[in-house]
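# Residue-level structural notes
Each chain, written out:
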Amino acid sequence: MNQPISKDRRGSFQNSDLSKIFIPIANGYQETNRSELLSVNSSAGPSPDHEPENAVSLPPIDGGFHAWAYLVSAWLVELLVWSFPFSYGIFLNFYATDPNFEHYSSASLALVGSLSSGVLYLTSPIILPIINRYPWHKRNAMILGVILCVSGLVGAAFSTKVWHLIITQGILYSIGGSLLYFPMTTYLFEWFSAKKGIANGVIYSGTGVGGVVTPFVVETLLEKYGRRTTLLSLAVAFLVLSLPCLPFIKPRAPVAQVVDIRSINTRFLSFSPFWILFAANLFQGLGSFLPSLYLPTFASDLNLGTTSGTLALAFLNGASVPGLIFLGWLSDAFDIRWSILISSLGSALAVFFLWGFSEKLAPLLAFACIYGFLAPSWSALWPRFVATSDGDDPRQASTLMGIFIAGRGIGNVLSAPIASGLLRPWYLTNKSTAAYGLEGYGPLIMFTGFTLLVSSLGISYGLIERQWRHQHE
């Protein structure tokens, strides 16, 4: 009878060295210890050191060439997939003066950016169950994802109406990004166990690095060569950089062994801490995307110049690199509630007191650094959310990961139309020289800070968890 690969409570394969081997049998692989195999061989004949020629040894977990190669390749895929949506503020500022799009409302142009990131998040609970059910198609899904991402950028280059941009740069690109990105994330729980928090932070830091470089590259290309050449150049760069990563993004265990037709255990849906964390994650997603979307236009409205907005966006994205690694480490080393509280409360205070009172470039850059360090870093906490929500094995864990990612996507998609409704004069408009009095930014700033503050209530899951477990003992 086939035995599944054993897993520990952290959701990763236990055999972190080569003491475990897998022997091909009729319908998969049988796990065994080398010591057990040697004992069997010793009783059967005179060659106690003999192992079957077709035995499969697994590479190490939490280290070794294959784990680090996966980490580097996953980091680059993260950079490529997310740096364009997170740099959309530069495109938004350009599209507002582009002859093809300047007559469209800012809400419709902002929708392109919210879709490019929101659809990426929202498709996770659809794609992850499918690729977990058919894991041998993960490589094909990633190749198709590259093709769709490149097609989306090429299509945007030749767009002449805003609905063209919505379909190409907003939807087609993000669907392709999902097909490339989410199969990659499922392997994290195979290659890393004790270090999965910091490994997750390292991978997600790719978004920050890309967010530092991409705004300047995009702005320079748009100013010198225009929209069409810029988007075509980005499409070529995406293709050239993503394809070499695919051979290293692979499973640790043989694919035949990890095929599992069992349905996902939905017990977590009755687990109150799951819903507390999901709601906190959704509120965090509602507000966290808005500064990166509006900082370039905000800087222009402050008469700081286009380059100042690009610089602020680069500071925000760049600060997320150490922030992701720090909060990933913090979630590994201490109770995750500390990470939630520091991220939520710190980013909310930065919005209220730094962005809200910005009049010049220096406080705006200070806000971008502090906010970038704290707010985007929630993505480094998702593996611990998964562990808290009864995600015991890699397949269950990746599905739960998809649900938390989708929750953030709901927030991102809703944030653009909500923000467009908030960008209008209010009580303090033209009554203060600070950002609260600048045109309609006051309500937007208040909304952003409030949603981040509400997300800090996620720390209450610990109390709810104790009550739930007491009731179910």
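Treat the numbers as computed from the prediction; the structure is a model and nothing was measured.

Reading the values: rules and limits
Sequence order sets the numbering: in each chain, residues are counted from 1 along the sequence as written. Only residues with pLDDT of 70 or above have their local features reported here, since the model is predicted, and side-chain atom pairs are shown and tallied only from 80 upward, although totals for entire chains, interfaces and linings are computed over all residues. No hydrogens and no water enter the side-chain calculation; it runs on all heavy atoms of the structure. One number per residue, pLDDT, summarises how confident the predictor is, and it ranges from 0 to 100. Two residues form a contact once any of their heavy atoms are found within 4.5 Å. Here a strand is any run of E in DSSP of at least two residues, a helix any run of H or I of at least four, and the numbering for each starts at the N terminus. One less than the residue count of a helix, multiplied by 1.5 Å, gives the span that helix is expected to have. Relative accessibility thresholds used throughout: buried, under 20% of the residue-type maximum; exposed, over 50%; partly exposed, between the two (1.4 Å probe, protein chains only). Residues are said to line a cavity or pocket when one of their atoms sits within 4 Å of a point; the points come from a 1 Å grid over protein atoms alone, cavities being sets where a 1.4 Å probe fits but cannot get out and pockets being open sets with protein on both sides within 12 Å along at least five of seven lines. Grid points are joined across faces, edges and corners, and a volume is the space filled by probe spheres set on the points. Three classes are used: nonpolar for Ala, Val, Leu, Ile, Met, Phe, Trp, Tyr, Cys and Pro, charged for Asp, Glu, Lys and Arg, and polar for all others, with Gly counted as polar. Interaxial angle, 0 to 180 degrees, is taken between N-to-C directions of lines fitted to C-alpha atoms, where a helix line uses only the stretch in contact. The cut-offs work like this: below 35 degrees is roughly parallel, past 145 is roughly antiparallel, 65 to 115 is roughly perpendicular, and the gaps in between are oblique. By convention the crossing between two helices is left-handed if the near helix lies anticlockwise of the far one by an angle smaller than a right angle, and right-handed if it lies clockwise. Whether two aromatic rings pair depends on their centres lying within 6.5 Å, for rings of Phe, Tyr and Trp, where Trp uses its six-membered ring; planes under 30 degrees apart make the pair stacked, over 60 edge-to-face, and the rest tilted.

With that settled, the discussion passes to the confidence of the model for the protein chain. Confidence in the prediction of the protein chain, expressed as mean pLDDT, is 77, and 76% of residues score 70 or more. Contacts for the low-pLDDT stretch residues 1–51, under 50 throughout, to residues beyond four places or in other chains number 117 contacts.

Attention shifts here to helix α6 (residues 138–157). Residues spaced three or four apart along an α-helix point in a common direction, a consequence of the helix completing one turn every 3.6 residues. Taking 1.5 Å of rise per residue, the 20 residues of α6 would be expected to cover 28 Å, and the 29 Å separating its terminal C-alpha atoms lies within 8% of that figure. Among all positions in α6, only Lys138, Ala141, Met142, Gly145, Val146, Leu148, Cys149, Val150, Gly152, Leu153, Ala156 and Ala157 are buried.

On to the layout of surface pockets, then. There is about 250 Å³ of room inside the second largest pocket. Lining the second largest pocket are 17 residues, and of these Ser106, Tyr294, Asp301, Leu423 and Tyr441 lie nearest its centre. Sorting the residues of the lining of the second largest pocket by element identifies α4 (106–122) and α12 (290–301) as the ones contributing at least two each. A total of three residues in the lining of the second largest pocket trace back to one element, the largest contributor, which is α12. Of the residues belonging to the lining of the second largest pocket, the class tally is nine nonpolar, four polar and four charged.

This paragraph deals with the packing of helix α3 (residues 88–95) against α12. The contact between α3 and α12 brings their axes to 7 Å, and the two run at 45°. In terms of orientation, α3 lies oblique with respect to α12. The two elements α3 and α12 meet at a crossing, and its hand is right-handed. The segment α3 lies against α12, with Tyr88, Gly89, Ile90, Leu92 and Asn93 engaging Ser292, Leu293, Pro296, Thr297 and Ser300.

Before going further, it helps to spend a moment on the packing of aromatic side chains. Within this structure, the stated rule accounts for 20 aromatic pairs. Note on phenylalanine 84 and tyrosine 173: the rings are 6.1 Å apart at their centroids and 70° apart in plane angle, and the pair reads as edge-to-face. You can see phenylalanine 84 sitting in helix α2 (residues 65–86) and its partner tyrosine 173 sitting in helix α7 (residues 162–186), a full 89 residues away along the chain. Overall, tyrosine 173 belongs to the buried group, its relative accessible area being 1%. Judged by centre distance (6.3 Å) and plane angle (45°), the ring pair of phenylalanine 86 and phenylalanine 289 falls under tilted.

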